[in-house]
Amino acid sequence: MASASENRPLALPPAERTVGQLVAEAIRFYQSHFWAVLPLGLAFAAIDQFQIGHRPTVQAAALAAGAPLMTAAYVRASSLVTGARWSWRAFLVGVVVFIPVPALTLVFVLPGVLWLAFMGLAVPAAVVERTGFRESLMRGRQLAMADYIHALAGLATLVIVFTLTRLVLGQLIHGQADAALRSAVFLSDLALSPLLFVGAALLYFDQDARLRSSVP
């Protein structure tokens, strides 16, 4: 009888990778590098603890204050996924790119996702290509426009998968283990939010491959 790995369809190359395969590759990477990836969830989990029970404006302020934590997690994820070393320039680029996100998500999360799909790839670009500050921002925009629909759909799908799975897992933890709400939320965030960072980092390869294939 064939094993599950033998029955699994072959992954398409990054230039042809679908959104579903992007998510699948993020999950696969998480599974194979579990202990290295899991700490990435501390950033989102810590910020979410300050947001629980507060007004949207306070939640946005907490997210803004946590920009360095979110950026550090993204830079670390980019390093893990690409095999490149940590970059302080990428960290600075990420903080600047992330600054508008809390305000954009005040009403709805989509404007923040639109912005991150447009400029967020500047971070893995800075990690991999060791570009300067301005060059990294330009490179991020260039990568996004190689196939903006794919970049946007990829990030939006990661957010949807995270949100729905987090809701289910939080309910299971809170109901079955009789844990406090804060503990349930923290554990859910810790376990699931790394997928956001890993998936966004993997998206760099998709967009770079699409950009290269578009050049005659």
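So, here is what we can say about the structure in this document. Please read these numbers as outputs of a predicted model, since none were measured by experiment.

Definitions and limits used
Residues numbered from 1 in each chain as written. Predicted model: local features only at pLDDT ≥ 70, side-chain atom pairs only at ≥ 80, totals over all residues. Heavy atoms only, no water. Helix = DSSP H or I, 4+ residues; strand = E, 2+ residues; numbered from the N terminus. Buried < 20%, exposed > 50% of the residue type's maximum accessible area, 1.4 Å probe, protein only. Contact = heavy atoms within 4.5 Å. Patch = residues over 30% accessible without salt bridge, like charges linked within 9 Å, V, L, I, M, F, W, Y side chains within 5 Å. Areas by Shrake-Rupley, 256 points an atom, 1.4 Å probe, with all protein chains shown as cover. Salt bridge = Lys/Arg side-chain N within 4 Å of Asp/Glu carboxyl O. Core = buried A, V, L, I, M, F, W, Y, C linked by side-chain atoms within 4.5 Å. Phe/Tyr/Trp six-rings, centres within 6.5 Å; stacked < 30°, edge-to-face > 60°. Axes fitted to C-alpha atoms, helices over the stretch in contact; angles between N-to-C directions. Parallel < 35°, antiparallel > 145°, perpendicular 65-115°, else oblique.

## A closer look at the overall build of the chain
Part 1: Counting its secondary structure elements, the chain contains 14 helices and zero strands.
Part 2: Ordered by position from N to C terminus, the α and β elements of the chain give α-α-α-α-α-α-α-α-α-α-α-α-α-α.
Part 3: Put simply, the chain has 216 residues, and 44% of those count as buried.
Part 4: Considering only contacts in the chain between residues 6 or more positions apart, those separated by 24 or more positions represent 73%.

## Structural notes on a nonpolar patch on the surface
Part 1: On the surface, a nonpolar cluster with roughly 560 Å² of combined accessible area is contributed by Leu106, Val107, Phe108, Val109, Leu110 and Leu114.
Part 2: For Val109, a relative accessible area of 41% translates into the label partly exposed.

## Structural notes on unusual backbone geometry
Part 1: Of note in the backbone geometry, Arg130 takes a positive phi value of approximately 55° without being a glycine.
Part 2: Residue position: Arg130 is located in the loop between helix H10 (122-129) and helix H11 (133-146).
Part 3: For Arg130, a relative accessible area of 31% corresponds to the partly exposed category.

## Brief notes about the nonpolar core
Part 1: Ranked by size, the top nonpolar core spans 48 residues in total, and within it Leu40, Met70, Tyr74, Leu155, Phe197 and Val198 carry the most contacts.
Part 2: Here the element with the most residues in this core is helix H14 (residues 194-214); it accounts for 10 residues.
Part 3: Aside from chain neighbours lying at most four places away, what touches Leu155 is Val113, Leu116, Ala117, Ala200 and Leu203.

## Some details on the packing of aromatic side chains
Part 1: The full count for this structure, using the stated rule, is eight aromatic pairs.
Part 2: With a centroid separation of 4.9 Å and 80° between ring planes, the pair formed by Phe34 and Trp35 is classed as edge-to-face.
Part 3: With a relative accessible area of 34%, Phe34 lands in the partly exposed category.
Part 4: On the basis of relative accessible area, Trp35 is assigned to the exposed category, the value being 69%.

## Section: the side chain of Asp48
Part 1: Among the structural elements, Asp48 can be located in helix H4 (residues 41-51).
Part 2: Beyond its immediate chain neighbours, meaning those up to four positions away, Asp48 contacts Arg166, Val185 and Asp189.

## A short note on the packing of H11 against H14
Part 1: H14 packs onto H11 with a crossing angle of 75° between their chain directions and a minimal axis gap of 8 Å. In terms of axis orientation, H11 runs roughly perpendicular to H14. Of the residues in H14, those touching H11 at Arg139, Gln142, Leu143, Ala144 and Ala146 are Tyr204, Gln207, Asp208, Arg210 and Leu211.

## Some remarks on the packing of helix H9 (residues 110-119) against H11
Part 1: Running from N to C, H9 and H11 point in directions that differ by 105°, and their axes come no closer than 6 Å. By the angle between their directions, the pair H9 and H11 is classed as roughly perpendicular. Contacts between H9 and H11 involve Ala117, Phe118 and Met119 from the former and Leu137, Gly140, Arg141, Ala144 and Met145 from the latter.

## Focus on the environment of Ala72
Part 1: With respect to the helices and strands, Ala72 occurs in helix H6 (residues 67-82).
Part 2: For Ala72, a relative accessible area of 25% gives the class partly exposed.
Part 3: For the pair Ala72 and Val95, spaced 23 residues apart in the sequence, the C-alpha separation amounts to 8.7 Å.

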